Amino acid sequence: MRDQVTSSDRVNYGAVIALVAISFMLLRKWIAGGVCKSRACLDGKTVVITGANTGIGMETAKDMARRGARVVMACRDLTRAENAAEYIRRSTGNGNVVIRHLNLASLYSVQEFVKEFIATEERLDILINNAGKIEFDDLFFDKRPYSPLLSYKQSKLANVLFSRELARRMKGTGVSSYCLHPGVIRTELIRHILVRFPVLKIILSLPCILLMKTPWQGAQTSIYCAVTEGLESKSGCYFSDCAEKDPAPEGKDDEVARRLWEESAGLVGLNPRR
Ligand SMILES: NC(=O)c1ccc[n+]([C@@H]2O[C@H](COP(=O)([O-])OP(=O)(O)OC[C@H]3O[C@@H](n4cnc5c(N)ncnc54)[C@H](OP(=O)(O)O)[C@@H]3O)[C@@H](O)[C@H]2O)c1
């Protein structure tokens, strides 16, 4: 009798463990989102990636190198960039990964930098995400208390609007611009916050491993927008999980997008009409 109870318990435990394992696998698959299926070869192409020394940028750089592209990593931190470049060279077998030190002091320096490396007919892919509000009267939080979250949301909305306006201005030139939400990914994004809260960092580590995308999964939509053939007609559109999605209404405001472009150009001393 005792043996029978024990063996039936074992069956029950086994069933529960199997159910939990299957549920977890399905959850992870759902969290992973879309995967870029394109096998496009990038031999002879040059790809410029900012923020390529870690996170989504580094995974994107690795994928582009694997496809044969010459990868230019535009980074601020040369030591971290060297480590990342070495890792990418080793893991992809592509030695054509170079680093350029980029001090993102202004839009102008980025523009000059990009001009140096990509031909005008090549596609310029702008990688981005979601809503907030552009406070034109106080873009830099000079008049109101600084809020990291509001500031982050404003910067992401600015990314969406910039991509949209760039697509409008570049129409017919062969240059496309896309914006995207990469998902919620386990990267170094909140390292400056976590460094101040070491206990929180430990508490969050397990849920982060279980519930967030890996950097490879988080890079899939960026890669999809960069390499998918025939996507040019979707220039200015918003993507998530390797598919076109509808952005928040704030991200579709063409008047705010135009004004933001003009304000930004003015701030860095460029002609807003160009
Ligand atoms: N992770 C997510 O869940 C998530 C979700 C939605 C959107 N995103 C967006 O995806 C992008 C990449 O994020 P990530 O998760 O890969 O972050 P990450 O691991 O923190 O990487 C950020 C990269 O950007 C560079 N960077 C940061 N500030 C910069 C600046 N002012 N000028 C030039 N380079 C700068 C960093 O280089 P340094 O070493 O020079 O600092 C680093 O290479 C960000 O725009 C983020 O907002 C991420």
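The structure this text deals with has already been given above.
Residues numbered from 1 in each chain as written. Predicted model: local features only at pLDDT ≥ 70, side-chain atom pairs only at ≥ 80, totals over all residues. Heavy atoms only, no water.

What about the side chain of T54?
And then number 1: As for its position among the elements, T54 is in the loop between β1 (46-50) and α2 (55-66).
And then number 2: The buried category is assigned to T54, whose relative accessible area is 17%.
And then number 3: When neighbours within four sequence positions are excluded, T54 is seen to be in contact with R80 and E188. (Helix = DSSP H or I, 4+ residues; strand = E, 2+ residues; numbered from the N terminus. Buried < 20%, exposed > 50% of the residue type's maximum accessible area, 1.4 Å probe, protein only. Contact = heavy atoms within 4.5 Å.)

Describing the sheet that holds strand β3 (residues 97-101)
And then number 1: Reading across the sheet, the three strands line up as β1-β2-β3 and stay open at both edges, with parallel pairing between neighbours. The outermost strands of the open sheet, each flanked by one partner alone, are β1 and β3. Between one strand axis and the next, the sheet turns by 25 degrees as a mean value, whatever way the strands run.
And then number 2: As defined by bridge partners, strand β2 (residues 70-75) adjoins β3 across five bridges and the pair is classed as parallel. If you follow V71 over to β3, its bridge partner there is V97.
And then number 3: Contacting β1, β2 and β3, α2 crosses the sheet at an angle of about 170 degrees to β1.
And then number 4: Here helix α3 (residues 78-92) sits on the sheet in contact with β2 and β3, set at roughly 170 degrees to β3. (Pairing = 2+ DSSP bridges. Axes fitted to C-alpha atoms, helices over the stretch in contact; angles between N-to-C directions.)

Re the environment of K213
And then number 1: Of note, K213 is situated in the loop between α7 (198-211) and α8 (215-218).
And then number 2: Residues K213 and G33 lie 180 residues apart in sequence; the distance between their C-alpha atoms is 8.4 Å.
And then number 3: In this structure K213 touches R28, I31, A32, G33, P182, G183, V184, I185, R186, G218 and D241, once residues within four positions along its chain are discounted.

Concerning the sheet that holds strand β4 (residues 179-181)
And then number 1: Read from one edge of the open sheet, three strands run β4-β5-β6, paired in mixed fashion. Each edge of the sheet is formed by a strand with only one pairing partner; in this case those strands are β4 and β6 (243-245). The average angle at which neighbouring strand axes cross in this sheet is 45 degrees, direction not considered.
And then number 2: The pairing of β4 with strand β5 (residues 238-240) spans three bridges and is parallel.

Quick word on α3
Every α-helical turn comprises 3.6 residues, leaving residues that sit three or four positions apart pointing alike.
And then number 1: Given a rise of 1.5 Å per residue, 15 residues ought to cover 21 Å, and the 21 Å separating the end C-alpha atoms of α3 matches this to within 8%.
And then number 2: Of the residues making up α3, those classed as buried are A81, A84, A85, I88 and T92. Seen from one end, α3 has its buried residues packed into an arc of 100 degrees, which puts them on one side. Across α3 from its buried face, at more than 90 degrees, point the exposed residues T79, N83 and R90.
And then number 3: Its buried side turned inward, α3 meets α2, β2 and β3.
And then number 4: Measuring from the backbone nitrogen of T79 back to the side-chain oxygen at the start of α3 gives 3.2 Å, which picks out D77 as the cap.
And then number 5: In the stretch just after α3, G93 is the one whose phi turns positive, near 75 degrees. (Expected span 1.5 Å × (residues − 1). Arc of directions from axis to C-beta. Polar contact = N/O pair within 3.5 Å; in protein donor to acceptor, adjacent residues only side chain to side chain.)

So, the environment of F239
And then number 1: Mapped onto the fold, F239 is located in strand β5.
And then number 2: When its relative accessible area of 1% is taken as the criterion, F239 is described as buried.
And then number 3: Expressed as a C-alpha distance, the spacing of F239 and S222, which sit 17 residues apart in the sequence, is 8.9 Å.
And then number 4: Beyond its immediate sequence surroundings of up to four residues, F239 is in contact with Y178, C179, L180, H181, T221, Y224, C225, L231, K234, E244 and K245.

Some words on the pattern of salt bridges
And then number 1: Enumeration according to the criterion identifies 17 salt bridges in this entry.
And then number 2: The residue R80 makes a salt bridge to D77 at a minimum N-O spacing of 4.0 Å.
And then number 3: The class of D77 is partly exposed, set by a relative accessible area of 32%.
And then number 4: The partner of E165 in a salt bridge is R168, with the nearest N and O atoms 2.9 Å apart. Here E165 pairs with R168, and both are found in helix α5 (residues 148-170), just three residues apart, close to one helical turn.
And then number 5: Overall, the relative accessible area of 2% leaves E165 in the buried class.
And then number 6: Note on R168: relative accessible area 48%, which makes it partly exposed.
And then number 7: One continuous salt-bridge network, built from bridges that share partners, spans D77, R80, E188 and R191. (Salt bridge = Lys/Arg side-chain N within 4 Å of Asp/Glu carboxyl O.)

Focus on the packing of aromatic side chains
And then number 1: Tallied over the full model, the rule gives four aromatic pairs.
And then number 2: Between Y178 and F239, the aromatic rings sit 5.8 Å apart at their centres with planes inclined by 75 degrees, giving edge-to-face as the arrangement. Separated by 61 residues along the polypeptide, Y178 in the loop between α5 and β4 and F239 in strand β5 bring together distant segments of the chain. Like Y178, the residue F239 is buried in the burial classification. (Phe/Tyr/Trp six-rings, centres within 6.5 Å; stacked < 30°, edge-to-face > 60°.)

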